[in-house]
Structures are given as structure tokens and as C-alpha cells.
Amino acid sequence: PERLQAAAPNFVRQATQSASQGDTQQAEQQLAIALSWNPKIDLAPDTPETEQNAAQTALKFTALYHRRIGQELAEELKIDEAIQEFEKAIDLDSAIDLNPDTKTIEQDTRAIAQQLSAPGKIIEGRRQVIAGQIQQAIQTYKDAQALNPSFEVKAFDWDFLCRESSLRGGAQQVLDACEKAVSLSPKDESFIDSRGLARALAGNIEGAIADFQYFIEWTTDEEARSQRQEWIDALEAGENPFTPEVLESLQ
């Protein structure tokens, strides 16, 4: 009996794996074995309340599977498919929280799908930048924030929009993104360097020189330091160092 009790938790772990593949029946059978080997076992040790109903616990485990799939689909911007998975989760567990990252229980399937799509929107925006669709990318970033007001775009993503758009002719349009990247990480020389590039291309020569000088002071890349000094010298002489060939090389 002692050995059976010690082995029972292994069936609980197996049940979670079965449920994570959508196999509710297999999960229920494994939980039933665990309970028969140890009648006092908690079938859901990660939850606040003790669970000892194999069928009900298996349904909850499978609901978590559908919630995870729904989250992944939402991040891939497959909103309708995500909603379907969230609805399956609720059918299996009427008390499930579709967004455990919030303090309240969330069960509005469409609202949750849209909120969770925010990171996917940023990924879409990055692709649009690479394709040279600067204005669309800017709008996509705005859409991400509109879908989920609590979602914070990371400094790295603002910098990507700033730098890569500037290299593709959109410097004037993304100056705000450059400022946001620097404000979130004010000592990051690479973000300041990106802002300098955008400023130079947008005609703010004084601001660009200041940013490039900051970059020179902090970078350990000798080649990059030498290149920025050449840019500063050219800008101070009233010349434009950013030829199409230079911009292409920086992409």
C-alpha cells in the first residue's frame, strides 16, 4: 500500500499530459487509478481546493488544454479559431479563467482573443516594416495597444520600428517610436543610435550629432565608433553620409 500511495502522483502527472493532448478519457482513467491507489490524493495539487473527482478533474485539465490552444491561436491573429477553443474550454469547465494574468475571472471569449492578439500584432507590424509598409506598420502597432490597453510595447519593438523604418524611407513618420524606445531604455546606446539615424534622415542634424556622439562614448565596437564619427564629420560639413548604398548596408 505504501508503494502504491507513493506511485499515485505519477498517474496525476500522466493525466495532465494526456489532457494537454486533448485526451479527456485517458486523463480520467489515469486519475481514477491514482485515486484508487491513494484515496487521499489531491488530483489537482496546483489549485487552491482539493480535487478528488476523476471525471471532473479530467474535464478541467482538458479545458486548460483548449485555453492554451486558444491563446496560441490568438497570438497568431486567428481570432475566430481562438474563440472556438475558448468556448470549448468553458463548455468543459464553466468556472475557467480564460486570462489568468488578470485579477478577475475573464470569460468574454472575443474580448480575450483580441487582447491576447496584441503581441501577434507587433510581430505583424515588424513584417510590414521589412516589406516597406511603414504606415501600415505604425497603424498595426496602434491596433495592438487598442486591442489591449494594458499591453506594453517593449523598447526593442519600438526601436525596430524606428530603425528599420528609417532605413526604408520612413524616418519622419517614426520619430515618435524612436522617442518611445529611448524613454523606455534611456541608457541603451543602440536605441539612441537609432534615434540619431532617424533624426539625421528627418533633418534634425543637431539632434543626430548628439545621439551619435553618445553612441561613440558608450560602444565597444571600434568599427561602429569609426563609422559614426565619419557620419558626424559629414553632417557637420553639411554633407549627407546616408547614401542609398549606406542605408541598404545597414538594413
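Residues numbered from 1 in each chain as written. Predicted model: local features only at pLDDT ≥ 70, side-chain atom pairs only at ≥ 80, totals over all residues. Heavy atoms only, no water.

## Describing the pattern of salt bridges
The full count for this structure, using the stated rule, is 16 salt bridges. Where Lys-121 meets Glu-124, a salt bridge forms, and the shortest distance between an N and an O atom there is 3.6 Å. Placement of both Lys-121 and Glu-124 in helix 6 (residues 118-130) is noted, with a separation of three residues, approximately one turn of the helix. Where Asp-157 meets Arg-126, a salt bridge forms, and the shortest distance between an N and an O atom there is 3.2 Å. Separated by 31 residues along the polypeptide, Asp-157 in helix 8 (residues 155-166) and Arg-126 in helix 6 bring together distant segments of the chain. (Salt bridge = Lys/Arg side-chain N within 4 Å of Asp/Glu carboxyl O. Helix = DSSP H or I, 4+ residues; strand = E, 2+ residues; numbered from the N terminus.)

## Examining helix 8
Along an α-helix, residues three or four positions apart point the same way, because every turn accommodates 3.6 residues. Helix length check: helix 8, at twelve residues, gives a terminal C-alpha distance of 16 Å against a target of 16 Å (1.5 Å per residue), a fit within 8%. Among the twelve residues in helix 8, eleven count as buried, and that is most of the element. Three or more residues of helix 8 are buried, namely Ala-155, Asp-157, Trp-158, Asp-159, Phe-160, Leu-161, Cys-162, Arg-163, Glu-164, Ser-165 and Ser-166. The inward-facing, buried residues of helix 8 abut helix 6, helix 7 (134-147), helix 9 (175-184), helix 10 (189-202) and helix 12 (222-236). (Expected span 1.5 Å × (residues − 1). Buried < 20%, exposed > 50% of the residue type's maximum accessible area, 1.4 Å probe, protein only. Contact = heavy atoms within 4.5 Å.)

## Some details on unusual backbone geometry
Positive phi is not limited to glycine here, since Leu-77 has a value of about 65°. Mapped onto the elements of the fold, Leu-77 is located in the loop between helix 3 (54-75) and helix 4 (79-92). Take Leu-77: its relative accessible area is 29%, and that puts it in the partly exposed class.

## Considering the packing of aromatic side chains
Using the criterion set out here, one finds six aromatic pairs in the structure. Ring centres of Tyr-141 and Trp-158 lie 5.4 Å apart, and the angle between their planes is 50°; this geometry places the pair in the tilted category. One end of the pair, Tyr-141, is in helix 7; the other, Trp-158, is in helix 8, and 17 residues separate them in sequence. By relative accessible area, which is 8% here, Trp-158 ends up buried. Between Arg-126 and the ring centre of Phe-160, over which it is positioned, the NZ or CZ distance is 4.0 Å. (Phe/Tyr/Trp six-rings, centres within 6.5 Å; stacked < 30°, edge-to-face > 60°. Lys NZ or Arg CZ within 6 Å of the ring centre and 35° of its normal.)

## Notes on the side chain of Arg-195
Mapped onto the elements of the fold, Arg-195 is located in helix 10. A distance of 3.2 Å separates polar atoms of two side chains, one belonging to Arg-195 and the other to Glu-179. Not counting chain neighbours up to four residues away, the residues in contact with Arg-195 comprise Cys-162, Cys-178, Glu-179, Val-182 and Asp-211. (Polar contact = N/O pair within 3.5 Å; in protein donor to acceptor, adjacent residues only side chain to side chain.)

## Remarks on the side chain of Asp-97
The residue Asp-97 is located in the loop between helix 4 and helix 5 (109-116) in this model. It is Arg-67 that comes nearest to the buried, bridge-free Asp-97 among opposite-charge side chains, at 5.9 Å. From its side chain, Asp-97 meets the backbone nitrogen of Glu-106 in a polar contact 2.9 Å long. Non-local contacts of Asp-97, meaning those with residues more than four positions away in its chain, are made with Arg-67, Thr-102, Thr-104, Ile-105 and Glu-106. (Lys, Arg positive; Asp, Glu negative; His and termini not counted.)

## Observations regarding the state of the cysteines
Per the stated rule, a full pass over the model turns up one disulfide. Sulfur-sulfur distance for the disulfide between Cys-162 and Cys-178 comes to 2.0 Å. Since a negative S-S torsion denotes a left-handed disulfide, the Cys-162-Cys-178 link at about 95° is right-handed. Of the two residues, Cys-162 sits in helix 8 while Cys-178 sits in helix 9, which places them 16 residues apart along the sequence. Each member of the pair Cys-162 and Cys-178 is classed as buried. (Disulfide = S-S within 2.5 Å.)

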